[in-house]
Amino acid sequence: LLELMKRDVPYFPKAKVEVVPNFYERSLEEIQTKGQSKSIRLLYLTNIMKTKGILELLDAFELLATRFDNIVLNIAGEFLGDYILAERDIRDAFFEKYRALKADTRGKIDYFGVVTGQDKINLLRDSDIFVLPTFHKSEAFPLSIIEAMRAGNVIITTKHNYLPSLVSAKNGCLIDIHSPVAIAKAISYFADHRNEMAKIQAFNMRYAKKMYPRERYVERLTMIFENV
């Protein structure tokens, strides 16, 4: 999926390893412009796991809600266990932390469960900043990031594994893992600099259209097979 991954993938000595980046769903092509909102709309759209940083995000949102009246957080995904917390435990931890928030802060958070189809497109389209504070051991090339780019979102994710090869300052911001303060600081920056946020959103939409369309993926595979 990325050039850097070649060195970490075991293969036979005589094998030829090729790089084929991922692609976003064609249904996202319906998003042609990014509408602006008075609110700062955050999106977490991936599996809800301890190592994906969901609890750190809730802590960060608690900090943000004390400063910004117009911030909202949408969360979508399936609860899954990992090597730190089982599915039941992360579910319990999530809702325990949610219930501990002040009532007005809870009112700015929506959990949608698993979303697909048009519901997923709508969430991506109607968000401003995609947040993935992951420290998952096998994090590689999250499809959710390029989908969020294509939908015109600023990307905030961590300096973890291959993510710095996928996200640069042109796409958003890279932050340290395990840090609600770093998450809140990055989000606050874009909330305070809405013009810069809009520029990155427009860039990400153009960038994803160029780098990650399905057609480019197919062309790359076709070229590899034709030269075998």
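Residues numbered from 1 in each chain as written. Predicted model: local features only at pLDDT ≥ 70, side-chain atom pairs only at ≥ 80, totals over all residues. Heavy atoms only, no water.

Visitor: Help me understand the environment of Ala 76 in this model?
Guide: Of note, Ala 76 is situated in strand E2 (residues 71-76). When the C-alpha positions of Ala 76 and Ile 224 are compared, they lie 36 Å apart, and in sequence the two are 148 residues distant. Residues contacting Ala 76, with those up to four places away along its chain left out, are Tyr 44, Leu 45, Thr 46, Tyr 111, Phe 112, Gly 113, Val 115 and Leu 123. (Helix = DSSP H or I, 4+ residues; strand = E, 2+ residues; numbered from the N terminus. Contact = heavy atoms within 4.5 Å.)

Visitor: I keep staring at the sheet that holds strand E1 (residues 40-45) and nothing clicks. Help me out?
Guide: By definition, the strands of a sheet pair up through backbone hydrogen bonds, in either a parallel or an antiparallel sense. Here we have 6 strands laid out as an open sheet, ordered E3-E2-E1-E4-E5-E6, and parallel in their pairing. Each edge of the open sheet carries a strand with a single partner, namely strand E3 (109-111) and strand E6 (172-175). Here the average twist between neighbouring strands, direction ignored, is 20°. As judged from the 6 bridges shared by E1 and E2, these two strands associate in the parallel manner. Pairing of Arg 41 across the sheet is with Val 72, part of E2. (Pairing = 2+ DSSP bridges. Axes fitted to C-alpha atoms, helices over the stretch in contact; angles between N-to-C directions.)

Visitor: Is there a simple way to explain the nonpolar core in this structure?
Guide: Note that soluble globular proteins tend to have their nonpolar side chains buried in a common cluster. Counting 35 residues, the largest nonpolar core has Leu 42, Ile 54, Ile 75, Ile 129 and Ile 187 as its most contacted members. Those elements giving two or more residues to this core turn out to be E1, helix H1 (54-65), E2, helix H2 (87-100), strand E4 (129-132), strand E5 (154-158), helix H7 (180-192) and helix H8 (194-211). Looking at which element gives the most residues to this core, the answer is H1, with 8 residues. Setting aside residues no more than four positions away along its own chain, Leu 42 makes contact with Phe 61, Leu 64, Ile 71, Val 72, Leu 73, Asn 74, Ile 129 and Ile 187. Counting residues in hydrophobic clusters, the runner-up holds 25 residues, among them Leu 28, Leu 45, Ile 121 and Ala 208. (Core = buried A, V, L, I, M, F, W, Y, C linked by side-chain atoms within 4.5 Å. Buried < 20%, exposed > 50% of the residue type's maximum accessible area, 1.4 Å probe, protein only.)

Visitor: What's the story with the packing of helix H5 (residues 143-150) against H8 in this structure? I'm lost.
Guide: Look at H5 against H8: their axes get within 7 Å of each other, and the N-to-C directions meet at 120°. Looking at the two axes, H5 sits oblique to H8. Side by side, H5 and H8 meet where Ile 146, Met 149 and Arg 150 of the first sit next to Asn 204, Met 205, Tyr 207, Ala 208 and Lys 209 of the second. For the contact of H5 with H8, the class distribution of residues is 5 nonpolar, 1 polar and 2 charged. (Parallel < 35°, antiparallel > 145°, perpendicular 65-115°, else oblique. Nonpolar A, V, L, I, M, F, W, Y, C, P; charged D, E, K, R; others polar.)

Visitor: Which parts of the structure should I look at to understand the packing of aromatic side chains?
Guide: Enumeration according to the criterion identifies 10 aromatic pairs in this entry. Between Phe 79 and Phe 94, the ring centres sit 5.4 Å apart and the planes meet at 70°, which makes this aromatic pair edge-to-face. Of this pair, Phe 79 sits in the loop between E2 and H2 while Phe 94 sits in helix H2, and the two are 15 residues apart along the sequence. Taking relative accessible area as the criterion, Phe 79 reaches 2% and is therefore assigned buried. An aromatic cluster is built from Phe 79, Phe 94, Phe 95 and Tyr 111, whose rings are joined through pairwise contacts. Taking NZ or CZ as reference, Lys 137 lies 4.5 Å from the ring centre of Tyr 83, over its face. (Phe/Tyr/Trp six-rings, centres within 6.5 Å; stacked < 30°, edge-to-face > 60°. Lys NZ or Arg CZ within 6 Å of the ring centre and 35° of its normal.)

Visitor: Which parts of the structure should I look at to understand the pairing of E2?
Guide: Strand residues, when the strand is regular, have side chains that alternate between the two faces of the sheet. A large share of E2 lies buried, amounting to 5 of its 6 residues. In terms of handedness, the path from E1 via H1 over to E2 forms a crossover that is right-handed. With 3 bridges connecting them, E2 and E3 associate as parallel partners. In the sheet register, Leu 73 faces E3, and the bridge partner there is Ile 109. (Right-handed = clockwise from strand over helix to strand, strands pointing away.)

Visitor: It is not clear to me how the environment of Thr 222 should be interpreted in this structure. Could you clarify?
Guide: In this structure, Thr 222 sits in helix H9 (residues 214-226). Note on Thr 222: relative accessible area 34%, which makes it partly exposed. Put simply, Thr 222 and Ala 208 are 14 residues apart on the chain and 20 Å apart in space, counted from C-alpha to C-alpha. A distance of 2.8 Å separates a polar atom in the side chain of Thr 222 from the backbone oxygen of Val 218. (Polar contact = N/O pair within 3.5 Å; in protein donor to acceptor, adjacent residues only side chain to side chain.)

Visitor: I'm lost on the environment of Ile 84 in this one. Help?
Guide: Relative to the elements of secondary structure, Ile 84 occurs in the loop between E2 and H2. Assessed through its relative accessible area of 44%, Ile 84 is described here as partly exposed. Sequence separation between Ile 84 and Gln 32 is 52 residues, and the spatial gap between their C-alpha atoms is 40 Å. Discounting residues that sit within four places of it in the chain, Ile 84 has contacts with Lys 50, Thr 51 and Phe 135.

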